[in-house]
Amino acid sequence: MAACASKVLFVLALLFVSTYAESRRKTPNKEEDLFQELNDADLNKKQKYSDGKALGNNTILKAKSERKLAESAQSVELPAGVFNGKWELASTSSGVSAMHAILLPKISKVLMYDATIWKQSTIELSPEQRPCRTVDEKTQEVDCFAHSVLFDPNTAQLRTLKLTTDTWCSSGGLSVNGNLVSSGGDKGGAPTVRYLESCDTCDWKEYPNSLADGRWYATQVTLDDGAFIVAGGREVYSYEYIPPPGQTNKISIPFDFLKQTRDVIPGNEKEGEFVLENNLYPFLHLAPDGNVFFFANNRSVLLNPRTNQILREYPVLPGGSRSYPASGASALLPIKLDPVNTNNVKVEVLICGGAPHDAYKVTDMIKKRPFPFALKDCGRMDITARDPVWEKEEMPSPRTMADMLNLPNNDMLIINGAERGCSGWNDATDPNFTPVLYSPSAPNGKRFKELAKTDIPRMYHSVATVLPDGKILVAGSNTNNGYVFKPQAEFPTELRVEKFYPPYLDPSLDAMRPEIVLELSNQTVAYNGQILITFGLNQEGILKKDIQVTMYSPAFTTHGINMNQRQIDVGILEVRDNIADKRLHTVIATAPPSGAIAPPGYYLTFVVYKGVPSSLSMWLQIK
C-alpha cells in the first residue's frame, strides 16, 4: 500500500514540475532553465523511486504522509505560551570537553574540540590515528588522547580526530566549500592555521607558523569573497588575512582601536592600577557594504579591511563591558531581503549581557565574593542607519557567557551562561539554567520570553549549535584548568550532551510542518539567482505571506561568541500549489545579491510556514 502511494505521489510531483516548466516556457524568465534542469534530473530518477523508496531525507511519500492526509487542513497560528520547549539528554559523554563547536555542512555532524595543553580527555585516538602526539621530544612523552571529535546528533556516535597543535581559545569559520578553517590557539598553536574537510573520513591538516602574530582569544570573520581575517588576541593589537595553506604571513596590520578599548581600572597606593583586556574575542560582523562591524569592550567602528581605514565610529554602548572576559553575546538579527530590490538591506546587531568593567579584577585577581552580577541589558542598533543609536532593553535575568543563536523562524535564542561573575577559571557562579527567546519583530518590552529550564550548569567553555532539524545541541562547560570531576570541583568538567527543543517543535504543530523534497529542490544557487524548493504540507491555498525561506550560516561557537553566524530571510517571489496533489507546493525565492549580504558557502535552509520550520532543512550552497 505504501509503495503504491509512493508511486502515485512521485509521478504527480513530476507531473506538477513538468507542467509548470512547460507553462513557463511560454513566458521565458530566469526560472525556465532551473525547472527544466530539475525536470530532466527527476525523470532519470523515476525508476529508482518507483519501488517505493523515500525521496532523500523526506517522509512525505511514506505512511506518515497518509496519516497527514486524514488530519484537518485548517491553518492555525503558532500558539503562545503552550509549549515552552523541552530538554533531552542526547549523550552521556562527548569524549572531549566541548570548548569549541560547529555544525559541518554536507555531513551534518557537529565538530567539537578542546585543547591539547592538558594532555588528556576521556577518549583515546583510534589505532589508525597512531602514532600518538609527541609532547616532549627530550623525554619522549606522548599523548594518546583525542582532543577533537565528530558527533553524530542522530546516533550520538563519536569519531575521534587527531590534533597536534594547541587549539585552546582558538577561532574558526567555514570556507566556500563547507570546510572548517581554524586559526590560533595557545603557545605553538597561536600562529597556526588548521583545515578540516567536511567528510566522514577526513582529519585535521595543520600548518604551524602561518600567522604573523599569535592569535589567542582572537576572532575570525568571513569576508564577502570568502576570505578570512583574524583580529586581536592576548596583547595583540592587529589583524591579518588568513593565508592559503602552507603559506606564511610576514607582517600583520596594526589596529590601534584594540589598544584603545582596554580598560584601566584604578587601584590603591599598594596595588596600583589594573589594565584589563576587556576587548578579547571582539564581535566582528560583515556589513552589507562589504566592510566589517568591529565591536570591542563597549565601542564599535566600521572597518574597511582592504584599505585598513575606519570609516565610521558608532555610539558607545553604555552599561559595562561586553567582550571577553566580561563575555556578553552578539549576533546580527535576521537579514530580510526584498524579492525584487535585493540591495535594499537593513542590518541590525544585538548585544546582550556582559559584566561590569572591573569584573575580571574582582573575580579572578582578588576573588572577592559574592561575585558581581552580570549585566541584564541588551543594546540593539541598525548599523546601516545614517544616525545609528543603541536601543536598550532588558532580559529577564542577568547573563554572562551566553550563546546567542539565530533560529529558523527568525527568533533568537539566548542560552547557557551564569548570572554572576565573568569568564575565567572558576570566575562565575549562579548558573543561568533558563534559555530565553527573543522575538525581533515584537515591540520593545515584549520581545523576551523565558523557556523550559535545564538542570545542567553550562558555565565557562559551553557551546550551543543549531541542528538541521531545528533542535539545539548544547554541550561543554569546564571552569577548571584541566579535566576535573566531582567532588573536586563545584562546577566539574561536563561531558553530557543535551538537545533543546524550541517552542516551534511543539508536537501539536506537526501538521503545519513542511517537509522539503530534496530531489525537487535546487541545492546550489548563484547570486541573484532563483531558489526553488518543493515541499510537502497538508494545507490548501498556501499564501505567499505565510511562507519564509531562511538561510543560516552555522556559527563557530566558543567562549560565548558565535563567529560568522548569519541568517538571511530571502524574498519570496511566489508559492505554487500542485494542482494534481494538494500536498505538494513549490516556493520560488530570489537568492541574496552578493557576498556582502551572504558570503559564499553552505547555508542550512529551512522552509517556514506560519512560524513553523520544516521538519528537516537542506544544505544550499551559494557562490
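From a predicted model like this one, the values you see are computed outputs, not experimental measurements. (Residues numbered from 1 in each chain as written. Predicted model: local features only at pLDDT ≥ 70, side-chain atom pairs only at ≥ 80, totals over all residues. Heavy atoms only, no water.)

Asks: Is there a simple way to think about the overall build of the protein chain in this case?
Replies: Of regular secondary structure, the protein chain possesses six helices and 46 strands. Taking all 623 residues of the protein chain together, 63% fall into the buried category. Here the contacts in the protein chain between residues at least 6 apart in sequence split such that 65% fall between residues at least 24 apart. (Helix = DSSP H or I, 4+ residues; strand = E, 2+ residues; numbered from the N terminus. Buried < 20%, exposed > 50% of the residue type's maximum accessible area, 1.4 Å probe, protein only. Contact = heavy atoms within 4.5 Å.)

Asks: Please clarify how the sheet that holds strand β20 (residues 299-304) should be interpreted in this entry.
Replies: Either a parallel or an antiparallel arrangement is found when strands of a sheet pair, and the pairing is made through backbone hydrogen bonds. Strand order across the open sheet formed by four strands is β18-β19-β20-β21, with antiparallel pairing between neighbours. Two strands lie at the open edges of the sheet, namely β18 (283-286) and β21 (309-313), each paired on one side alone. If you compare each strand with its neighbour and ignore which way they point, the axes differ by 30° on average. (Pairing = 2+ DSSP bridges. Axes fitted to C-alpha atoms, helices over the stretch in contact; angles between N-to-C directions.)

Asks: How should I be thinking about the packing of aromatic side chains in this particular structure?
Replies: Between two aromatic rings, the relevant description is the distance of the centres plus the angle of the planes. Applying the stated criterion across every chain, the model contains 23 aromatic pairs. Aromatic side chains F255 and F257 sit 5.7 Å apart centroid to centroid with 50° between the ring planes, which places their arrangement in the tilted category. F257 carries the same exposure label as F255, and that label is buried. One aromatic cluster is present, built from ring pairs that chain together W118, W168, W216, Y217, Y281, Y324, W425, Y460 and Y483. Seen from the ring of F373, R420 lies directly overhead, with NZ or CZ sitting 3.7 Å from the centre. (Phe/Tyr/Trp six-rings, centres within 6.5 Å; stacked < 30°, edge-to-face > 60°. Lys NZ or Arg CZ within 6 Å of the ring centre and 35° of its normal.)

Asks: How should unusual backbone geometry be read in this particular structure?
Replies: Across the junction of Y324 and P325, the peptide omega takes the value 10°, indicating a cis bond. Checked against the element boundaries, P325 lands in the loop between β21 and β22 (329-332). Of note, the bond from R369 into P370 is cis; its omega dihedral lies within 30 degrees of zero at 0°. Note on placement: P370 falls in the loop between α6 (359-366) and β25 (377-382). Even without being glycine, K106 reaches a positive phi, approximately 70°. For K106, the position within the fold is in the loop between β2 (100-104) and β3 (109-113). Backbone geometry places N209, a non-glycine residue, at a positive phi of 60°. Note on placement: N209 falls in the loop between β11 (205-207) and β12 (219-222).

Asks: Would you mind showing me how to read the nonpolar core here?
Replies: Side chains that are nonpolar tend, in soluble globular proteins, to be buried together. Core analysis: the biggest nonpolar cluster contains 118 residues, and L104, L111, L180, I472, I531 and V587 have the highest contact counts within it. For this core, the element with the highest residue contribution is strand β44 (residues 601-609), accounting for seven residues. Not counting residues within four places of it along the chain, the set of residues in contact with L111 comprises H100, A101, I102, L104, S148, V149, L150, L161, L180, L196 and W204. (Core = buried A, V, L, I, M, F, W, Y, C linked by side-chain atoms within 4.5 Å.)

Asks: Would you mind showing me how to read the side chain of N406 here?
Replies: You can see N406 is positioned in strand β27 (residues 403-406). Reaching out from N406, the side chain makes a polar contact with the backbone oxygen of L332 at a distance of 3.3 Å. Sequence-distant contacts of N406, that is, excluding residues within four places in its chain, are made with L332, L333, P334, D411, M412, V466, Y552, Q565, R566 and Q567. (Polar contact = N/O pair within 3.5 Å; in protein donor to acceptor, adjacent residues only side chain to side chain.)

Asks: What's the story with the pairing of strand β10 (residues 193-196) in this structure? I'm lost.
Replies: Look at any regular strand and the pattern is simple: side chains alternate between the two faces of the sheet. Along β10, one buried face is formed by V193 and Y195 and the opposite face, lined by R194 and L196, is buried too. Note: strand β9 (residues 180-183) against β10, four bridges, orientation antiparallel. Its bridge partner being in β10, V181 is matched across the sheet by Y195.

Asks: Sorry, what's going on with the pattern of salt bridges here?
Replies: Oppositely charged side chains can pair when the atoms bearing their charge come close. By the definition in use, this model includes 27 salt bridges. Where E240 meets R215, a salt bridge forms, and the shortest distance between an N and an O atom there is 2.8 Å. A residue pair is termed long-range when its members are at least 10 positions apart, and E240 in strand β14 (residues 238-241) and R215 in the loop between β11 and β12 qualify at 25 residues. Of the two residues, E240 and R215, both sit in the buried class. Two residues, E313 and R299, come together in a salt bridge whose shortest N-O distance is 2.8 Å. Here E313 is found in strand β21, whereas its partner R299 is found in strand β20, with 14 residues between them in sequence. For R299, a relative accessible area of 19% gives the class buried. (Salt bridge = Lys/Arg side-chain N within 4 Å of Asp/Glu carboxyl O.)

Asks: Quick question: what am I supposed to make of the confidence of the model for the protein chain here?
Replies: Caution applies to low-pLDDT regions: their predicted coordinates should not be interpreted in detail. Considering every residue of the protein chain, the mean pLDDT works out to 89; 87% of them sit at 70 or more. Residue range residues 1-78 is modelled with pLDDT below 50. Its contacts to residues more than four positions away, or to other chains, number 123 contacts. (pLDDT = per-residue confidence, 0-100.)

Asks: Even after reading the chapter, I still don't get α6, so can you show me in this structure?
Replies: At 3.6 residues per turn, the α-helix brings residues three or four places apart onto the same side. Three or more residues of α6 are buried, namely A359, K361, V362 and T363. Elements in contact with the buried residues of α6: β16 (263-265), β17 (274-276) and β29 (418-421). Directly after α6, the chain includes K367, whose backbone phi takes a positive value near 60°.

Asks: Just checking my understanding: could you explain the sheet that holds strand β13 (residues 228-231) for this structure?
Replies: As summarised here, the arrangement of the four strands in space is β12-β13-β14-β15, forming an open sheet in which the pairing is antiparallel. Both outer strands of the open sheet, β12 and β15 (253-254), are each paired with one neighbouring strand and no more. The pairing of β14 with β15 spans two bridges and is antiparallel. What sits directly across from Y239, in β15, is I253.

Asks: What is the right way to read the pairing of β13 from this model?
Replies: Across the two faces of β13 the burial is the same, with F228 and V230 and I229 and A231 all buried. Sheet topology note: the β12/β13 ladder contains four bridges and is antiparallel. Pairing of V221 across the sheet is with I229, part of β13. Where β13 meets β14, three bridges bridge the pair, whose relative direction is antiparallel.

Asks: Mind showing me how you'd approach the environment of P431 here?
Replies: When you line up the elements, P431 lands in strand β30 (residues 428-431). Distance in space between the C-alpha atoms of P431 and A418 is 4.2 Å, their sequence separation being 13 residues. Setting aside residues no more than four positions away along its own chain, P431 makes contact with G417, A418, E419, P457, M459 and F491.

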